[in-house]
Amino acid sequence: MSVLNNRIEFVFHFDVTNGNPNGDPDAGNMPRVDPLTQKGLVTDVCLKRKIRNYVAITKDGVPGYDIYVREKAILNNQHARAYEASGLKSVSNKLPSKEEDARAVTTWMCKTFFDVRAFGAVMTTEVNCGQVRGPVQLTFAQSVDPIQTLNLSITRMAVTNEKDAEKERTMGDKNIVPYGLYRCHGFLAPHFAGGAKGTGFSEDDLELLWQALANMFDFDRSAARGDMVARSLIAFRHDSPLGNAPAHKLLELVRARRAGADPDVPPRSFADYVVEFDKTQVPAGVTPLVLI
């Protein structure tokens, strides 16, 4: 299991149909939008949550693939496991005084938790395990075109309390995007994977990341999120750790455009788009990977 030693960038497209890909709790859970362009937004932490969920489901019980940031996790308890496994006793808010002991607890966290190894973590709580910067970083996803957000009223025949039994129905609402194609960029920096202070993110971990991006929406179905599908995943693997071309120039080789449709008619399916990728423009020293 070799540690990642190549710089990688990727473009990830996914879409949503009649669902809410990432509600904003400060805006009544309406789908997130850029107020100036009306383009939809999905946060990086939302996407990382789905990756974590995929790994938790598919690698349940497999050593080295536990998940650090999970629902109702008590982080100090996770950190205490590192001290116990290393035969050390924690001192409140402090790392062990010996450098090798401090490194031991941090390394244990990296080896045990996939998301610490991938995304890094700040673990400087009362039970202090230090902090690491992960090699995998994601941007916010943004819709290719402006989206329309709808607030739909719904009714419920049942009531909560006996005193409301004579009421005919109770009212609620549901926020959706009729359709949106979203684009996200990702970056893998090998200098945060290897070396004395690296997380140990490996080629096997990279393969699992690709699998998660391709399949995570199938494990995240809900009435609120509607139909979400991974549509395109194109990566650029450099021959060297430092890279062989500027990241932005590679990412610009991938673009989604309307597939000959009337630009005044809002898109309502992936068939309204074409994702184009000009492989002939990829420079020497970079290998393109079409993963979806």
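Structure shown above.
What this report covers is the structure whose coordinates are included nearby. Since we're looking at a predicted model, the values are computed, not measured.

1. Considering the pairing of strand E5 (residues 120-124)
Then, in step 1: Here 4 bridges tie E5 to strand E6 (residues 128-133), and the two strands are oriented antiparallel to one another. Residue Ala121 lies in a different strand from E6, and its bridge partner there is Val132.
Then, in step 2: Here E5 folds back onto E6, and the loop between the two strands holds 3 residues.

2. Here's the deal with the side chain of Lys48
Then, in step 1: Take Lys48: it is sitting in helix H1 (residues 44-58).
Then, in step 2: When near neighbours in sequence (up to four residues on either side) are disregarded, Lys48 contacts Phe119, Gln137 and Leu138.

3. Some points on unusual backbone geometry
Then, in step 1: The backbone of Asn18 shows a phi angle near 50°, a positive value even though the residue is not glycine.
Then, in step 2: With respect to the secondary-structure elements, Asn18 resides in strand E1 (residues 8-19).
Then, in step 3: Of note in the backbone geometry, Lys72 takes a positive phi value of approximately 65° without being a glycine.
Then, in step 4: Mapped onto the secondary structure, Lys72 falls in the loop between H1 and helix H2 (75-86).
Then, in step 5: Lys72 gets classed as exposed once you look at its relative accessible area, which sits at 78%.

4. Overview of the pattern of salt bridges
Then, in step 1: The full count for this structure, using the stated rule, is 15 salt bridges.
Then, in step 2: The shortest N-O distance in the salt bridge between Glu9 and Arg7 comes to 2.6 Å.
Then, in step 3: Here Arg221 ties to Asp227 by a salt bridge, and the two come within 3.6 Å at their closest N and O atoms.
Then, in step 4: Among the charged side chains, a network of salt bridges with common partners joins Lys50, Asp220 and Arg225.

5. Some details on the state of the cysteines
Then, in step 1: Under the definition given, this model contains 0 disulfides.
Then, in step 2: Note on Cys110: no disulfide assigned, nearest cysteine sulfur contributed by Cys129 at a separation of 9.9 Å.
Then, in step 3: Residue Cys110 is classed as buried on the basis of its relative accessible area, which comes to 2%.
Then, in step 4: Cys46 supplies the cysteine sulfur nearest to Cys184, a cysteine that is in no disulfide, at a spacing of 10 Å.

6. Notes on helix H5 (residues 203-215)
Then, in step 1: With 13 residues, H5 extends 18 Å from end C-alpha to end C-alpha; this agrees with the ideal 18 Å at 1.5 Å per step.
Then, in step 2: Of the positions making up H5, those classed as buried are Asp205, Leu206, Leu208, Leu209, Trp210, Ala212 and Leu213.
Then, in step 3: Structurally, the start of H5 carries an N-cap: the backbone nitrogen of Asp204 is 3.3 Å from a side-chain oxygen of Ser202.

7. Some details on the packing of aromatic side chains
Then, in step 1: Considering all chains together, one arrives at 12 aromatic pairs under this definition.
Then, in step 2: Judged by centre distance (6.3 Å) and plane angle (25°), the ring pair of Tyr65 and Phe114 falls under stacked. Separated by 49 residues along the polypeptide, Tyr65 in the loop between H1 and H2 and Phe114 in helix H4 (residues 114-119) bring together distant segments of the chain. Exposure class is identical for Tyr65 and Phe114. Each is buried.
Then, in step 3: Taken together, Phe12, Phe14, Tyr182 and Phe217 form an aromatic cluster joined through their ring pairs.
Then, in step 4: Sitting over the ring of Tyr65, Lys59 keeps its end group 5.1 Å from the ring centre.
Then, in step 5: The ring of Tyr273 has Arg258 lying over it, and the distance from NZ or CZ to the ring centre is 6.0 Å.

8. Examining the packing of H2 against helix H3 (residues 99-112)
Then, in step 1: Contact geometry of H2 with H3 gives a least axis separation of 9 Å together with a crossing angle of 115°. The way H2 lies across H3 gives a crossing that is right-handed. For the pair H2 and H3, the contacting residues are Gln78, His79, Arg81, Ala82, Tyr83, Ala85 and Ser86 in the first and Ala104, Val105, Trp108, Met109 and Thr112 in the second.

9. Digging into the environment of Thr139
Then, in step 1: Tracing the chain through its elements places Thr139 in the loop between strand E7 (136-138) and strand E8 (141-146).
Then, in step 2: For the pair Thr139 and Gly186, spaced 47 residues apart in the sequence, the C-alpha separation amounts to 6.4 Å.

Calculation criteria
Along every chain, residues carry numbers that run from 1 in the direction the sequence is written. In keeping with the predicted nature of the model, local features appear solely for residues at pLDDT of at least 70, side-chain atom pairs appear and are counted solely at 80 or more, and the whole-chain, interface and lining totals rest on all residues. Water and hydrogen atoms were dropped before computing side-chain values, which therefore reflect all heavy atoms in the structure. The pairing criterion for strands is at least two bridges between them, as found by DSSP. Secondary structure is summarised from DSSP: a helix means a run of H or I of at least four residues, a strand means a run of E of at least two, and numbering begins at the N terminus for each. Here, two residues are considered to be in contact whenever any of their heavy atoms come within 4.5 Å of each other. Partly exposed describes any residue whose relative accessible area lies between the buried limit of under 20% and the exposed limit of over 50%, with all areas from a 1.4 Å probe on protein chains only and scaled to the type maximum. Any carboxyl oxygen of Asp or Glu within 4 Å of a side-chain nitrogen of Lys or Arg constitutes a salt bridge here. To count as a disulfide, a pair of cysteine sulfur atoms needs to be within 2.5 Å. By this rule the span expected of a helix is its residue count minus one, scaled by 1.5 Å. Identification of polar contacts relies on pairs of N or O atoms within 3.5 Å, with a donor-acceptor requirement for protein atoms, meaning one able to donate a hydrogen and the other able to accept it, and with residues adjacent in sequence counted only if both atoms are side-chain atoms. Ring geometry is summarised as follows: Phe, Tyr and Trp rings, the Trp one being its six-membered ring, pair when their centres sit within 6.5 Å, and such pairs are stacked at plane angles under 30 degrees, edge-to-face over 60 and tilted between the two. Placement of a charge over a ring requires the Lys NZ or Arg CZ to be within 6 Å of the ring centre, with the centre-to-atom vector within 35 degrees of the ring normal. Note on geometry: axes are lines fitted to C-alpha atoms, helical ones only across the stretch in contact, with angles between N-to-C directions running from 0 to 180 degrees. In a left-handed crossing the near helix is turned counterclockwise from the far helix by less than a right angle, and in a right-handed crossing that turn is clockwise.

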